[in-house]
Amino acid sequence: MSNAVVPSPRFQTSMLIGGEWTGAASGRTFPVVNPADGRVIADLPAGGAADVDAAVAAARRSFEDGRWTGLAPRERARILSRVADLIDQHKDELGLIETLDNGMPLGQARDGHVPAAAANFRYYASWCDKLNGKTVDMSGGGALYHAYTLLQPVGVVGIITPWNAPIITAAKLAPALAAGCSCVLKPAEDTSLTALRLGELLIEAGVPAGVVNIVTGLGAEAGSALAAHPGVDKVAFTGSTTTGRAVVSAALGNLKKVSLELGGKSPVFVMNDADLDRAIPAAANAAFANAGQICSAGTRLYVQRESYERVVSGVAEIARNIRLGNGADAASEMGPVVSEKQLDRVVGMIRAGLDDGAEALAGGGRHGDVGYFVQPTILANVRPDMSVVREEIFGPVVVATAFDDPSEVVGLANDSDYGLAAAIFTRDLSTGHNFARQVRAGTVWMNTYHVVDLSMPWGGFKQSGWGRENGLEGLMPYLEHKSVVAAL
Ligand code: ADP
């Protein structure tokens, strides 16, 4: 592991409330740590209930006085497009901040995550002036009534984001803003720095003061206050299924609308007829991309018996050759996991699997003793009841199982509380499309993995979430449909 010499960018270390950059009302702060070396790189305000109150009040004022929702739709579109342009123009800076804060390789941050965030703003900018209600010929009305619908913004939205893809998830502001909502964003405490820089770019682009507020702080303080706040009309949460449940409970008070993008334990099937030269690297990428910290990571690998040895040894070989290192070092292919807490959790889960009788074909523990690196790990000899097979690990760990008959595939795929994604590698069209129909997952990939697009709905069946993001489906939760009936 080489110690990369990294220029230090300027960090925004205040929160954004009502257009002002400010500290927490309590004056408290918390440290931000670079997971590649464990060093503190900034201190951020530890926002709490009073700060969330102030942010929600600012959002409410901005919503009620129409400074955003009252703009011509094409003006909102122009401003959101400008946000996208500014993100693109600052991709080197934003990418470096992301790497220092989250640990991911710089190339991935700068050339993958930052442009994806820009694309989200650009995509939803183009929806602003295409959101229309309809006139309705009422089923019981005939010529007696003139009836139509209006699409109106849902109001003040709380957006709570995770640490695995900080700027991409902060860009979940885009559909809310396109709909005309005012927002309070609570980024993950481990990775708030790109969200704060994005806040500066939103203002520079012309988003009026108070329309986007950003409160930093711990989940149990700022996050729970936002989820419970009676002045919030909708909360969009991305994170673990456990915390998603807490958000739902907190939302009960005022029955705010809730959308949830939660965890997964997504299966990858490799059939005997698959193109294995394609399936093997794809299965490795499914599990190890972003150090496995992706909600849709392909972490259950099922291979038809005849191909099992070749596929698992191929994935293990790739795992052993992945270059781990400080994300700021261009040679690094995989960075650390995000925090010491995650390191302990991931290593603890691997250990539990090994104690239960699993065998590590590659990896199996921590890498080095500086920073929070985990060896890419493939576990074989697993049983369906083991925690490593059932629970989301959110680290670079995949479990491998052989199966015999294609008729087993759907049952194995659906044997999970989760249902975010699933993949199958096969040359047989019927096998592939039948799998797609029968598997209970929000996204199904055939002969590929991790292909996510803004125009395709994204979300989970079962305990992987409520609702869909991306596409028009991702905009609708930010809009109320109002029916207007006039007697003629
Ligand atoms: P992790 O436990 O791995 O940090 P979480 O799903 O808890 O993952 O975190 C996702 C986001 O949810 C973060 O912004 C975090 O601060 C926030 N969060 C954590 N606990 C709560 C809570 N009780 N209510 C609302 N948000 C929370």
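Residues numbered from 1 in each chain as written. Predicted model: local features only at pLDDT ≥ 70, side-chain atom pairs only at ≥ 80, totals over all residues. Heavy atoms only, no water.

1. Notes on the overall build of the chain
Next up, step 1: Helices and strands together make up the secondary structure of the chain, namely 15 helices and 24 strands.
Next up, step 2: For the chain, whose C-alpha radius of gyration is 23 Å, the value lies close to the compact-globule estimate of 23 Å for 488 residues.
Next up, step 3: If you line up the chain on its principal axes, its C-alpha atoms span 70 × 60 × 40 Å.
Next up, step 4: Within the chain, the fraction of its 488 residues that count as buried is 55%.
Next up, step 5: Counting contacts in the chain only where the partners sit at least 6 residues apart, residues at least 24 apart contribute 73% of the total.
Next up, step 6: As displayed, the chain has an accessible area near 19,300 Å², and 51% of this comes from carbon and sulfur atoms.
Next up, step 7: Of the charged side chains in the chain, 41 are positive and 51 negative, and the gap between their average positions amounts to 5 Å. (Helix = DSSP H or I, 4+ residues; strand = E, 2+ residues; numbered from the N terminus. Rg over C-alpha atoms; globule rule 2.2 N^0.38 Å. Buried < 20%, exposed > 50% of the residue type's maximum accessible area, 1.4 Å probe, protein only. Contact = heavy atoms within 4.5 Å. Areas by Shrake-Rupley, 256 points an atom, 1.4 Å probe, with all protein chains shown as cover. Lys, Arg positive; Asp, Glu negative; His and termini not counted. Charge placed at Lys NZ, Arg CZ, Asp CG, Glu CD.)

2. A look at the sheet that holds strand β5 (residues 135-136)
In a beta sheet, neighbouring strands are held together by backbone hydrogen bonds and run either parallel or antiparallel to one another.
Next up, step 1: In spatial order, the strands read β5-β6-β24; together these 3 strands make up an open sheet with antiparallel pairing. This sheet does not close on itself; its edge strands, each paired only once, are β5 and β24 (479-487).
Next up, step 2: Strand direction decides the pairing type here: β5 and strand β6 (residues 145-153), joined by 2 bridges, are antiparallel. Note that in β6 the partner of T135 across the bridge is Y148. (Pairing = 2+ DSSP bridges.)

3. Overview of the pairing of strand β18 (residues 397-403)
Next up, step 1: Counting buried positions along β18 yields 5 of 7 residues, so the element is predominantly enclosed.
Next up, step 2: Two elements, strand β13 (residues 298-304) and β18, share 5 bridges in a ladder whose sense is parallel. Each residue of the ladder has a partner; that of V303, found in β18, is A402.
Next up, step 3: In this sheet, β18 lies alongside strand β17 (residues 377-380) in parallel orientation, the contact comprising 3 bridges. What sits directly across from T377, in β18, is V397.

4. Considering helix α10 (residues 276-288)
Since the α-helix turns once every 3.6 residues, residues separated by three or four places project in the same direction.
Next up, step 1: Between its first and last C-alpha atoms α10 spans 18 Å; for 13 residues at 1.5 Å apiece the expected length is 18 Å, and the two agree.
Next up, step 2: Those residues of α10 not exposed but buried are L276, A279, I280, A282, A283, A284, A286, A287 and F288.
Next up, step 3: Considering only its buried residues, α10 is in contact with β12 (266-270), β13, α11 (305-321), β17, β18 and β20 (421-425).
Next up, step 4: Just downstream of α10, N290 is the residue with a positive phi angle, here 55 degrees. (Expected span 1.5 Å × (residues − 1).)

5. Digging into the packing of aromatic side chains
Next up, step 1: Tallying each qualifying case throughout the model produces 7 aromatic pairs.
Next up, step 2: Geometrically, the ring pair formed by F269 and F403 is edge-to-face, given 5.9 Å between the ring centres and 70 degrees between the ring planes. Residue F269 is located in strand β12, and its partner F403 is located in strand β18; the two are separated by 134 residues in the primary sequence. Of the two residues, F269 and F403, neither departs from the other in class, the shared state being buried.
Next up, step 3: Ring plane angle 50 degrees and centroid distance 4.5 Å describe the contact between W445 and Y449, whose orientation is recorded as tilted. Across the pair, Y449 and W445 agree in class, each one buried.
Next up, step 4: Site record: aromatic cluster; members linked through ring pairs are F269, Y302, F403 and F435.
Next up, step 5: Here the guanidinium or amino end of K234 rests over the ring plane of Y478, the centre of that ring lying 5.1 Å away. (Phe/Tyr/Trp six-rings, centres within 6.5 Å; stacked < 30°, edge-to-face > 60°. Lys NZ or Arg CZ within 6 Å of the ring centre and 35° of its normal.)

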